[in-house]
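# Commentary on secondary and tertiary structure
The chain contents come next:
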Amino acid sequence: MAVGIAVGDNKKAYPGNLTPFVTVTCIVAAMGGLIFGYDIGISGGVTAMPSFLKKFFPSVYRKQQEDSISNQYCQYDSQTLTMFTSSLYLAALLASLVASTTTRKFGRKLSMLFGGVLFCAGAVINGAAKAVWMLIVGRILLGFGIGFANQSVPLYLSEMAPYKFRGALNIGFQLSITVGILVANVLNYFFAKIHGGWGWRLSLGGAMVPALIITVGSLVLPDTPNSMIERGQHDEAREKLRRIRGVEDVDEEFRDLVAASEASMKIEHPWRNLLQRKYRPHMTMAVMIPFFQQLTGINVIMFYAPVLFNTIGFGSNASLMSAVITGVVNVVATMVSIYGVDKWGRRFLFLEGGFQMLICQAVVAACIGAKFGINGNPGELPKWYAIVVVLFICIYVAGFAWSWGPLGWLVPSEIFPLEIRSAAQSINVSVNMLFTFIVAQIFLTMLCHLKFGLFLFFAFFVVLMSIFVYYFLPETKGIPIEEMGQVWKTHWFWARYVADEDYPIGGGYEMTKGGQGPKNV
Ligand code: BGC
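These lines cover the structure that appears in this document, whether it is placed above or below. Please read all numbers here as calculations on a predicted model, not as lab measurements.

## Re the overall build of the chain
In terms of helices and strands, the chain carries 23 helices and two strands. The burial tally for the chain puts 62% of its 521 residues in the buried class. Long-range pairs, those at least 24 residues apart, make up 81% of the contacts in the chain with a sequence separation of at least 6. As displayed, the chain offers around 19000 Å² of accessible surface, 68% of which is attributable to carbon and sulfur atoms.

The structure is reproduced here in structure tokens:
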């Protein structure tokens, strides 16, 4: 009988390789991030297109024309316009809660399929929109799609990946998000130039392409062994595990998965279960990580970069171009994180990224404050000024892209034990969507009132989140996903919430009895 080789601090090491099979599978699944990214990138650009504003939001359009020389901070302040961007996130929030059940009972793949189909429907309606209500209905469908995809894809990746490469493979999801944003920014740049001003239809309808990719992907991908075991298909799951890991001897990992699944079967009320004391660390992370991720202020840049650059004096064209530049930085910096996450660890990236974002926010606030003051009337803006602002925004985006961006999805997906995984991931997604909604909804109003202070507001949260990571987030690099319990047990603060029997050393499975189940149930 194969027994997991104990390494170091009672860590297990399951045999298994980074097989071509698992690599291709994870790349395809990670493409589920494209729909989310495409949408993030598209909405900002579309709302900066005059023809789009004129058709659907004439009052904003008029105001923009009139105000162009007075208060720059307030030219886009419109609740209906922000509602267009942010309605999607409320829909995604609801969908991610429903997806919890689909993902748990019917498997990760089905949730991905729903995600693709709903998103596709939303793209069709949006591309064909004739009135604001069609835009909103379309966006709600897109939101449903994103809710399903973001709930299931990160879990799928973390379960599929051999644990030593889990960080890198999981960040494929964030990489797809950033590629989606970039592609959308580039398309906006060209579509905005189309004569007749109907380019926005292509931008919105183009969302069908990433939707079809995830739809087809979900049909051809294999299920994760964890999910198959959870649904009682033991023999198939063992075979699949052999295939994924590329070794015959998967007994140890298989047994642990079965044990985790048995523990999970005993849970009748997954939601109520989350409130147990032993899950306090997990719940804290499921709420705080997405909350902080959004309070970095990243989406101010992602949604409104063209608007923001316009505000600080760039022409329409230059604004879209600058958004493309930040988009490239976002993709490249995410790759750095793929390279480093399983080497340097999560905590290092979180802390370094936080520091970098903080410095940039301070510089950008100072630059904007110096030129725009409080009345929002900058006069003539020199070229060097624009370059400095774009440069620091790029360094800020890079900081986010190798820290809170990918880790905001990776860390939650790897810390939840199977019995709460699906429900806890839904909490993670819904908190993320809730704060994405709030930031999107109030940003333009905040810019109008807080002015350059807006950047200091987010900087304050970056300080808080770095302190939080420093004291409360344990390192999760290189620990098998069903073994994660030990990180809480040995943590200076969280140890008080988890009793020894909650997570016995070595995974908590009675080896001598052939792994008949965890001791803690
Ligand atoms: C966040 C998004 C953000 C994107 C930027 C993601 O991790 O969840 O809100 O727009 O990163 O790349």
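Now that the structure has been shown, the text picks up again.
## Some remarks on the packing of aromatic side chains
A full pass over the atoms with the stated rule returns 33 aromatic pairs. An angle of 85 degrees between the planes, with centres 5.1 Å apart, marks the rings of Phe56 and Trp200 as edge-to-face. Residue Phe56 is found in helix H3 (residues 50–56), and its partner Trp200 is found in helix H9 (residues 199–205); the two are separated by 144 residues along the sequence. Of the residues examined, Trp200 reaches a relative accessible area of 3% and is grouped as buried. The ring of Phe56 has Lys55 sitting right over it, with the charged end atom 5.7 Å from the ring centre. Taking NZ or CZ as reference, Arg347 lies 5.8 Å from the ring centre of Tyr470, over its face.

## Let's talk about the nonpolar core
Core analysis: the biggest nonpolar cluster contains 132 residues, and Phe52, Phe57, Trp404 and Met433 have the highest contact counts within it. Beyond its immediate stretch of four places on either side in the chain, Phe57 contacts Phe52, Thr80, Leu81, Phe84 and Leu135. Ranked by size, the runner-up nonpolar core spans eight residues in total, among them Met228, Val250, Leu257 and Val258.

## What about the site of the ligand?
Around the ligand, the surrounding shell holds 14 residues, and the nearest of these are Gln174, Gln293, Gln294, Asn299 and Trp409. Between the ligand and the protein, one listed contact pairs an oxygen atom with a side-chain N or O atom of Gln294 at 3.0 Å. Within the backbone of Gly405, an N or O atom sits 3.3 Å from an oxygen atom of the ligand. Protein contact buries 100% of the 310 Å² of open area that the ligand shows by itself.

## A look at the environment of Glu248
Mapping Glu248 onto the fold places it in the loop between helix H12 (234–245) and helix H13 (251–265). Taking relative accessible area as the criterion, Glu248 reaches 63% and is therefore assigned exposed. Along the sequence, Glu248 and Pro15 sit 233 residues apart, while their C-alpha atoms lie 9.2 Å from each other.

## A few points about the pattern of salt bridges
Tallied over the full model, the rule gives 14 salt bridges. For Glu414, the salt bridge identified is with Arg166, shortest N-O distance 2.8 Å. Of this pair, Glu414 sits in helix H20 (residues 404–415) while Arg166 sits in helix H8 (residues 166–191), and the two are 248 residues apart along the sequence. For the pair Glu414 and Arg166, a shared accessibility class is recorded, and that class is buried. Across the pair Glu482 and Arg421 runs a salt bridge whose closest N-O atoms are separated by 2.8 Å. Pair noted here: Glu482 is in the loop between helix H22 (453–472) and helix H23 (485–489) and Arg421 is in helix H21 (residues 418–450), with a separation of 61 residues, a long-range link. Residue class for Arg421 comes out buried when judged on its relative accessible area of 0%. Through salt bridges with shared partners, a single network forms among Arg108, Glu159, Glu230, Arg421 and Glu482.

## Quick look at H12
An α-helix turns once per 3.6 residues; consequently, residues spaced three or four apart project the same way. Given a rise of 1.5 Å per residue, twelve residues ought to cover 16 Å, and the 16 Å separating the end C-alpha atoms of H12 matches this to within 8%. The complete set of buried residues in H12 reads Ala237, Leu241, Arg242, Ile244 and Arg245. Burial along H12 is one-sided: seen end-on, the buried residues are contained in an arc of 165 degrees. Away from the buried face of H12 by more than 90 degrees, exposed residues Asp235 and Arg243 are located. Buried residues in H12 make contact with helix H1 (20–30), helix H7 (132–160), helix H11 (225–230) and H13. Positive backbone phi, at 75 degrees, marks Gly246, one or two positions downstream of H12.

## Notes on the packing of helix H5 (residues 79–106) against helix H6 (residues 108–127)
Two numbers describe how H5 lies on H6: the axes approach to 6 Å, and their chain directions differ by 140 degrees. Our classification of the angle between H5 and H6 gives oblique. Between H5 and H6, the residues in contact are Ala99, Thr102, Thr103, Arg104 and Phe106 and Arg108, Leu110, Ser111 and Phe114, respectively. Partitioned by chemical class, the residues of the contact of H5 with H6 number four nonpolar, three polar and two charged.

## Describing a nonpolar patch on the surface
Taken together, Met83, Leu90, Leu434, Ile438 and Ile442 make up a surface patch of nonpolar side chains, about 330 Å² in accessible area. For the nonpolar patch, the secondary structure elements donating two or more residues are H5 and H21. Top contributing element to the nonpolar patch by residue count: H21, with three residues. Position of Ile438 among the secondary structure elements: in helix H21. Using a relative accessible area of 31% as the deciding quantity, one classes Ile438 as partly exposed.

The rules we used
- Per chain, residues are indexed from 1 in the order of the written sequence.
- Given that the model is predicted, a residue must reach a pLDDT of at least 70 before its local features are reported, and side-chain atom pairs must reach 80 or more before they are shown or counted; all residues, however, enter totals for whole chains, interfaces and linings.
- The side-chain figures draw on all heavy atoms in the structure; neither hydrogens nor water molecules are used.
- The numbering of helices and of strands both runs from the N terminus, where a helix is a DSSP run of H or I of at least 4 residues and a strand a run of E of at least 2.
- Relative accessible area decides the class of each residue, using a 1.4 Å probe on protein chains only: under 20% of the type maximum gives buried, over 50% gives exposed, and in between gives partly exposed.
- In what follows, residue pairs with any heavy atoms lying within 4.5 Å of each other are defined as contacts.
- Values of accessible area rely on a 1.4 Å probe in the Shrake-Rupley scheme; residue burial ignores everything except the protein chains shown.
- For Phe, Tyr and Trp, rings pair up if their centres lie within 6.5 Å, where Trp contributes its six-membered ring, and each pair is then called stacked (planes under 30 degrees apart), edge-to-face (over 60) or tilted (otherwise).
- A ring is scored as having a charge over it whenever the NZ atom of a lysine or the CZ atom of an arginine sits within 6 Å of its centre and within 35 degrees of its normal.
- We define a nonpolar core as any set of buried Ala, Val, Leu, Ile, Met, Phe, Trp, Tyr and Cys residues linked to one another through side-chain atoms lying within 4.5 Å.
- Here a residue counts as near a molecule or strand whenever at least one of its heavy atoms sits within 4 Å of it.
- N or O atoms within 3.5 Å of each other form a polar contact, as long as, within protein, one can give a hydrogen and the other can take it, and as long as residues adjacent in sequence are counted only when both atoms are side-chain atoms.
- Between Lys or Arg on one side and Asp or Glu on the other, a salt bridge is scored when a side-chain nitrogen of the former is within 4 Å of a carboxyl oxygen of the latter.
- What a helix should span is 1.5 Å times the count of its residues minus one.
- This arc is taken over the directions from the axis of the helix to the C-beta atoms.
- For helices, the fitted line uses only the C-alpha atoms of the stretch in contact; every axis is such a line through C-alpha atoms, and the angle between N-to-C directions lies from 0 to 180 degrees.
- Angles below 35 degrees are treated as roughly parallel, those above 145 as roughly antiparallel, those between 65 and 115 as roughly perpendicular, and all remaining angles as oblique.
- All residues other than Ala, Val, Leu, Ile, Met, Phe, Trp, Tyr, Cys, Pro, Asp, Glu, Lys and Arg, Gly among them, are scored as polar; the first ten of these are nonpolar and the last four charged.
- Patch building starts from residues that exceed 30% relative accessible area and form no salt bridge, then joins like charges within 9 Å and nonpolar side chains (Val, Leu, Ile, Met, Phe, Trp, Tyr) within 5 Å.

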